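Structure assessment
The chain contents come next:
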Amino acid sequence: MSGTERFDFGGQGGWQAAVTIPARNEEDRILACLDAAAAAVSGRGGIVLIVNGSRDATLRLARDWFARGDVPGLLLDHPDPPEGGVGWARRQAAQAALSRVAPDGIIATTDADSRVAPDWISANLAELRRADLICGLVEPDPEEGARLPEIIGRRGAVEGEYEALTRRAMALLDPVPHDPAPAHLNAAGASLAFRPALYRDVGGFPPLPSSEDRAFAARAEARGWRVRHATAPRVITSCRMTGRVTGGMADTLRSRTTEADPLVDGLFEPARATLLRARIRGQIRSACRHDPAAFAAAWLRAEAAEPLLARRRMRLSELQAELPALHAAVEALESATPGMAAE
């Protein structure tokens, strides 16, 4: 690509942790993002920032930030990136990090409109003792969230309740040793962590304009890696309604105010499918408890063979209609399982 530039800052090898960040037109948020990432790395590694297709001051601000600090880093500028959007950019950043991170180090991803917690790297390292891919908890900025239209919170609460019930059903029917409570359902690029071996085996982030993070996590599980949805690694992300990615969080927030019956998160399924998915996975996991690769292969076959498990996006009205059935089913399961505490 013409016009591609790279800037190296500080030591470029042997990092114990590499934080990778894609950024596009983020002049208002990039410095807070970099400050938070530097605090989390805390002398254990560096930052790989890729500026892709920006038309504002993001590159200049980031370059000045690296130049005046002491955090090792690599800054890549792709003013005219190919199609692929954030998936392509995240892939390029992670690929560049591979040559800088130590073989036993970690690569962690976040977003330019997000701020990782000070203990984010430490929390990911702790979780990696029992799992291979850590999907951290991404929470909305509370100050920005408070300024959003009230309807967003009301509609989002329905999805929150459905997620909690889904997690309870999973814990009852498919308890996962490496993904115990507290846990969540999402795999967001704003908080992922893994070692180089997993990244190479999975084949990297797919160059997709959105949902590359979920595709990456799904591929990791399909390859037999242990995926953990941890609540300890925390990230605060923006609540803006005009985003940089089609199909991202900003689009989701905007749809809740502009559509009479918006689509809900693709993670959710009707109650019957939710329970069937968890039950079949639990049965297969029990049979393959000491062989994650065998579980992954068997599950892929079982999922493909069951028409009820074919994924389709539901509308908010459908989710609301399914809530009573899922709630009743989870209560029945808990009553039949003495001592099982709800998440």
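As a starting point, this report considers the structure included with it. (Residues numbered from 1 in each chain as written. Predicted model: local features only at pLDDT ≥ 70, side-chain atom pairs only at ≥ 80, totals over all residues. Heavy atoms only, no water.)

Focus on the overall build of the protein
- In terms of regular secondary structure, the protein is built from 12 helices and 9 strands.
- Radius of gyration (C-alpha) of the protein: 20 Å, near the 20 Å computed for a compact globule of 343 residues.
- Counting only C-alpha atoms and orienting by the principal axes, one finds that the protein spans roughly 60 × 45 × 35 Å.
- Buried residues in the protein amount to 51% of all 343 residues.
- Between the mean site of the 42 positive side-chain charges and the mean site of the 45 negative ones, the protein shows a separation of 3 Å. (Helix = DSSP H or I, 4+ residues; strand = E, 2+ residues; numbered from the N terminus. Rg over C-alpha atoms; globule rule 2.2 N^0.38 Å. Buried < 20%, exposed > 50% of the residue type's maximum accessible area, 1.4 Å probe, protein only. Lys, Arg positive; Asp, Glu negative; His and termini not counted. Charge placed at Lys NZ, Arg CZ, Asp CG, Glu CD.)

Notes on the sheet that holds strand 6 (residues 114-116)
- Pairing is mixed across the open sheet formed by 9 strands, whose spatial order is 1-4-3-2-5-8-7-9-6. Looking along the sheet, the strands with just one partner apiece sit at the ends: strand 1 (5-9) and strand 6. Between one strand axis and the next, the sheet turns by 25 degrees as a mean value, whatever way the strands run.
- Sheet topology note: the strand 7 (residues 133-140)/strand 9 (residues 227-237) ladder contains 7 bridges and is parallel. Bridge pairing in strand 9 places Glu-139 opposite Ile-236. (Pairing = 2+ DSSP bridges. Axes fitted to C-alpha atoms, helices over the stretch in contact; angles between N-to-C directions.)

Thoughts on the side chain of Glu-159
- Turning to its location among the elements, Glu-159 is positioned in helix 6 (residues 150-173).
- Residue class for Glu-159 comes out buried when judged on its relative accessible area of 9%.
- In terms of polar contacts, Glu-159 uses its side chain to reach the side chain of Arg-256, at 2.4 Å.
- Side-chain polar atoms of Glu-159 contact the backbone nitrogen of Asp-265, separated by 3.1 Å. (Polar contact = N/O pair within 3.5 Å; in protein donor to acceptor, adjacent residues only side chain to side chain.)

What about the nonpolar core?
- Residues Ile-21, Leu-34, Ile-47, Leu-49, Leu-75 and Ile-121 are the most contacted members of the largest nonpolar core, which totals 38 residues.
- Only strand 1, strand 2 (15-23), helix 1 (30-41), strand 3 (45-52), helix 2 (58-68), strand 5 (101-109), helix 4 (120-127) and strand 9 provide two or more residues apiece to this core.
- If you look at the next biggest cluster of nonpolar residues, it comprises 28 residues, including Ala-89, Ala-96, Leu-198 and Val-227. (Core = buried A, V, L, I, M, F, W, Y, C linked by side-chain atoms within 4.5 Å.)

Here we look at the state of the cysteines
- Evaluated as defined, the whole model comprises 0 disulfides.
- Here Cys-239 is not disulfide-linked; the sulfur of Cys-33 is the nearest cysteine sulfur, at 16 Å.
- We classify Cys-239 as buried; its relative accessible area is 5%. (Disulfide = S-S within 2.5 Å.)

Quick look at the packing of aromatic side chains
- Enumeration over the complete set of coordinates arrives at 9 aromatic pairs.
- Pairing Tyr-162 with Phe-268 gives two aromatic rings, centres 5.6 Å apart and planes at 70 degrees, and the pair type is edge-to-face. Of this pair, Tyr-162 sits in helix 6 while Phe-268 sits in the loop between helix 9 (249-258) and helix 10 (271-287), and the two are 106 residues apart along the sequence.
- Assessed through its relative accessible area of 5%, Phe-268 is described here as buried.
- Relative to Phe-205, the ring of Phe-194 lies with its centre 6.1 Å away and its plane at 65 degrees, an arrangement referred to as edge-to-face. Linking Phe-194 in strand 8 (residues 192-194) with Phe-205 in the loop between helix 7 (196-202) and helix 8 (212-222), this pair joins segments that are 11 residues apart in sequence. Each member of the pair, Phe-194 as well as Phe-205, is classed as buried.
- Cluster of aromatic residues (ring-pair linked, three or more members): Phe-194, Tyr-199, Phe-205 and Phe-216.
- Sitting over the face of the ring of Phe-7, Arg-63 holds its NZ or CZ atom 5.5 Å from the ring centroid. (Phe/Tyr/Trp six-rings, centres within 6.5 Å; stacked < 30°, edge-to-face > 60°. Lys NZ or Arg CZ within 6 Å of the ring centre and 35° of its normal.)

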